[in-house]
Amino acid sequence: MDVIPYFLSGLILGSIYGLTTLGLSLIFGVLRVVNVAHGSFVMLGAYAAYFAFILWAWPPFATALLAFAIGALLGYLVYIGVIKPLNKAGELNVLVALFALGALIAEIARLLWGPDFVGYRWNIGSVEVAGLQIDISKLAGAVLALAIALSLDLLLRRTYFGRSIRAVVQDPVGAMVVGINVDRVFAASAAIGIAITTVGGVFLTLFIPVGINPYMGGPYTLIGFVIAVLGGLGSLLGAYTAGLLLGVIESLGFYAFSVAGFAEPSEMALFLEFALLLLVLLFKPTGLFKL
Amino acid sequence: MALSLQQLSSGYGRLQVLFGISLEVPAKSIISLLGPNGAGKSTTLWTVMGVVRPWEGRILLEGTDATRVPPHRKVELGLALVPEGRRLFPEMTVEENLLMGAFTKRAREKVHDTLEFVYALFPRLRERRRQRAGTMSGGEQQMLAIARALMSRPKVLLIDEPSAGLAPKIVSDLFQTVKRLKEEMSVLLVEQNVAAALEISDYSYVLENGRIVLQGRPEELAANEHVKKAYLGV
Ligand SMILES: Nc1ncnc2c1ncn2[C@@H]1O[C@H](COP(=O)(O)OP(=O)(O)OP(=O)(O)O)[C@@H](O)[C@H]1O
Ligand SMILES: [Mg+2]
């Protein structure tokens, strides 16, 4: 009966989840670093969308370009300033430093923009799909997110630059000896990864009309981590597909638990996600979609 | 001289492995570097390639100082390494691995000719071109590792223990192939299979505990008492 609309809205939200996780997955695949500051870059993207909309009336898809540029610059700086100097000292050091960086970014955001929840609504009409009114903005966001995921995958497969990234993922020393500048690949991957994460934050605002806040990033780090592991860390299309799956599970889980009415549905949806993660880790630790 | 090492020292962290190694690789020759496990043979090749940082001494490539040149620039200058452990890209096909070997600008321009050249050298690789590298047999992977290094059109090829883990018949085929490479380039060959290496070498060095302890033409080394006892088992 009412399942189809929930499924559809799950797919749409999942597409955005998939997009936000691409960057996490790319950074892990290339640099072998879990970007635990992930959520803070999602948050920066969300604020970019908010301010560009209320100050200059920019539609979020235009802001996405700006957010990509900002994210790329920040990603490059994070590589040069944090990951590169600490990598020799060990992964744990990088992890701790990124965690601290994430917290620092959130605190700076609070100082600059205050602790309150803000948001905006970009209304460009809606269409009826399977008996469900869907905002065109959300639908367009989902389609664009898919397009970005596919283009990134194509970039990795078809260009020399993309192949050099794949080579570093598969064997960094092998990449070095065939003449790839591995340091440059690291820097570029951090830049692209965080750029896409920031763009994901912009897209996310289409779904959270009052949910922008300096500390909003935390859950997205968590969800991003679940998605990236489900998809097989380092596998981009895997991450995207796992994002879709998670969106659907979240939406259907929410539906099921609202009908059942015995628990807080959104918390239970989160429970479902982690239960799935646990099952995957137990039975297919390389992820659902690893080639 | 295609490649010369002058008093080269290096190591890992604080552990010094190489203590002032000097050796010369003339143009169009096969030079072998022999020695027991842990002597520092692989470390020598990693250091020449620039993957391991040299501590002291100099590396000259065709007479030009290349001591501090990073690996990707060395490939551009004409140095290629078939590393210990092969270091293939396991999820890529044979042909994709070969194309990665031609990553540098210089090699990219001639990639089709070079591909034909390595397929002619290793027909097996042509048959397997669509197979994923990670699923190939040890011997096939070794061929692919050599072929991938050749794709960069090197002037000096460094090969680390191509015989490791391979059946004797495959080893002798592989060594015949290496010998043919001499027409096009210089080879610095690291080997533990001393008898096989001496057969195709023009000149050899013996490395023990990070120092060159012996050197000479193959027939001189084969006649040396120490080499006979320690490496040839006679
Ligand atoms: N990555 C590393 N970190 C620390 N020590 C290392 C590393 N690689 C090699 N070593 C040490 O350096 C020494 C020389 O090693 P190397 O691999 O160069 O020897 P080898 O002559 O190639 O030996 P084999 O014939 O077994 O391959 C050894 O004592 C080894 O333990
Ligand atoms: Mg070795």
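Note that the structure is a prediction, hence the values are computed from the model and not measured. (Residues numbered from 1 in each chain as written. Chains lettered and ligands numbered in written order. Predicted model: local features only at pLDDT ≥ 70, side-chain atom pairs only at ≥ 80, totals over all residues. Heavy atoms only, no water.)

### Some details on the interface of chain A and chain B
Contact residues are listed per partner, giving 17 residues for chain A and 22 residues for chain B. Carbon and sulfur atoms supply 68% of the area that chain A and chain B bury against each other, a total of about 1900 Å² over both sides. Looking only at chain A, the three residues that lose the most surface to chain B are Y160, V177 and V178 of chain A, adding up to 34% of its buried area. Counting every contact that joins chain A to chain B gives two salt bridges. Put simply, E96 of chain B and R166 of chain A hold a salt bridge, and the shortest N to O gap is 3.8 Å. When contributions to the side of chain A that touches chain B are tallied by element, the ones reaching two or more residues are α6 (160-170) and α7 (172-177) of chain A. For the side of chain A that touches chain B, the element with the most residues is α6 of chain A, which contributes six residues. Within the side of chain A that touches chain B, the residues separate by chemical class into nine nonpolar, five polar and three charged. (Contact = heavy atoms within 4.5 Å. Buried area = accessible area lost by both parts, 1.4 Å probe. Salt bridge = Lys/Arg side-chain N within 4 Å of Asp/Glu carboxyl O. Helix = DSSP H or I, 4+ residues; strand = E, 2+ residues; numbered from the N terminus. Nonpolar A, V, L, I, M, F, W, Y, C, P; charged D, E, K, R; others polar.)

### Observations regarding helix α8 (residues 182-204) of chain A
Because the α-helix completes a turn every 3.6 residues, residues three or four places apart line up on one side. The end-to-end C-alpha separation of α8 of chain A is 32 Å, in line with the 33 Å expected for 23 residues at 1.5 Å each. In terms of residue burial, α8 of chain A counts as a mostly covered element, since 21 of its 23 residues are buried. (Expected span 1.5 Å × (residues − 1). Buried < 20%, exposed > 50% of the residue type's maximum accessible area, 1.4 Å probe, protein only.)

### Points about the environment of S40 of chain A
Residue and element names in this part refer to chain A. Structurally, S40 can be placed in helix α2 (residues 38-56). Judged by its relative accessible area of 11%, S40 is buried. Through-space distance from the C-alpha of S40 to that of S164 is 28 Å; in sequence the pair is 124 residues apart. Sequence-distant contacts of S40, that is, excluding residues within four places in its chain, are made with G102, I105, A106 and G217. A polar side-chain atom of S40 sits 2.7 Å from the main-chain carbonyl oxygen of G102. (Polar contact = N/O pair within 3.5 Å; in protein donor to acceptor, adjacent residues only side chain to side chain.)

### Regarding the coordination of the magnesium ion (ligand 2)
Residue and element names in this part refer to chain B. In the first shell of the magnesium ion (ligand 2), the protein supplies S42 (OG) and E84 (OE), at 1.9 to 2.3 Å from the metal. Taken together, the residues S42 in helix α1 (residues 41-49) and E84 in the loop between β6 (79-82) and α3 (94-101) connect sequence positions 42 residues apart. Take E84: its relative accessible area is 40%, and that puts it in the partly exposed class. (Donors = N, O, S within 2.8 Å, 3.2 Å for Na, K, Ca; no water.)

### With respect to the sheet that holds strand β3 (residues 30-34) of chain B
Two modes of strand pairing occur in sheets, parallel and antiparallel, and in both the strands are linked by backbone hydrogen bonds. Residue and element names in this part refer to chain B. An order of β6-β7-β8-β3-β9-β10 is seen for the six strands of this open sheet, with the pairing classed as mixed. Strand pairing shows two members of the sheet lacking a second neighbour, β6 and β10 (211-216), which therefore form its edges. Adjacent strand axes in the sheet meet at a mean angle of 20 degrees, parallel and antiparallel pairs treated alike. Where β3 meets strand β9 (residues 203-208), four bridges bridge the pair, whose relative direction is parallel. Looking at the pairing, L33 lines up with Y205 of β9. (Pairing = 2+ DSSP bridges. Axes fitted to C-alpha atoms, helices over the stretch in contact; angles between N-to-C directions.)

### Quick notes on the sheet that holds strand β4 (residues 54-61) of chain B
Residues and elements named next belong to chain B. Strand order across the open sheet formed by four strands is β2-β1-β4-β5, with antiparallel pairing between neighbours. Two strands close off the open sheet at either side, each with one partner strand: β2 (15-25) and β5 (64-65). With seven bridges joining them, strand β1 (residues 3-12) and β2 adopt antiparallel strand pairing. Bridged to G11 within β2 is Q16. The sheet contacts of α1 involve β1, β2 and β4, and relative to β1 the element is tilted by about 110 degrees.

### Brief notes about unusual backbone geometry
All names here are of chain A. In this structure, R32 takes a positive phi of about 55 degrees despite not being glycine. Note that R32 resides in the loop between α1 (3-31) and α2. One non-glycine residue, A57, lies in positive phi territory at about 60 degrees. What makes A57 exposed here is its relative accessible area of 57%.

### What about the packing of helix α5 (residues 136-158) of chain A against α8 of chain A?
All names here are of chain A. With their axes 11 Å apart at the nearest point, α5 and α8 run at an angle of 170 degrees to one another. In terms of axis orientation, α5 runs roughly antiparallel to α8. The residues of α8 that touch α5, namely those facing G141, L144, A145, I148 and L152, are I192, I196, V199 and F203. The residue inventory of the contact of α5 with α8, partitioned by class, reads eight nonpolar, one polar and no charged. (Parallel < 35°, antiparallel > 145°, perpendicular 65-115°, else oblique.)

### Structural notes on the site of ligand 1
Residue and element names in this part refer to chain B. As a structural note, the neighbourhood of ligand 1 is formed by 14 residues, with N37, K41, S42, T43 and E84 the closest of them. One of the backbone nitrogen or oxygen atoms of A39 is found 3.2 Å away from an oxygen atom of ligand 1. The side chain of T43 places a nitrogen or oxygen atom 2.5 Å from an oxygen atom of ligand 1. Taken by itself ligand 1 offers 630 Å² of open surface, and the protein chains cover 61% of this. Among the elements that make up the shell around ligand 1, the one with the highest residue count is α1 (three residues). Grouping the constituent residues of the shell around ligand 1 by class yields five nonpolar, six polar and three charged. (Near = heavy atom within 4 Å. Areas by Shrake-Rupley, 256 points an atom, 1.4 Å probe, with all protein chains shown as cover.)

### Looking at the environment of G138 of chain B
All names here are of chain B. Along the polypeptide, G138 turns up in helix α7 (residues 138-150). Spatially, the C-alpha atom of G138 lies 9.2 Å from that of A164, the residues being 26 residues apart in sequence. Other than its neighbours up to four places away in sequence, G138 contacts R86 and L166.

### Quick notes on the domain arrangement of chain B
All names here are of chain B. Each assigned domain of chain B is listed with its residue range as follows: domain 1 (1-78 + 155-234) and domain 2 (88-153). Here the C-alpha centroids of domain 1 and domain 2 sit 23 Å apart. Each side of the interface is counted separately: domain 1 has 14 residues, and domain 2 has 15 residues. Carbon and sulfur atoms make up 73% of the area that domain 1 and domain 2 hide from each other, which totals about 1200 Å². Where domain 1 packs against domain 2, one counts zero salt bridges. Connecting domain 1 to domain 2 are two residue pairs in polar contact (both at pLDDT 80 or more). Contributions of two or more residues to the side of domain 1 that touches domain 2 are made by α2 (71-77) and α8 (168-181). In terms of residues, the side of domain 1 that touches domain 2 owes the most to one element, α8, which gives four residues. A per-class count over the side of domain 1 that touches domain 2 returns eight nonpolar, two polar and four charged. (Domains from an automatic or database assignment.)

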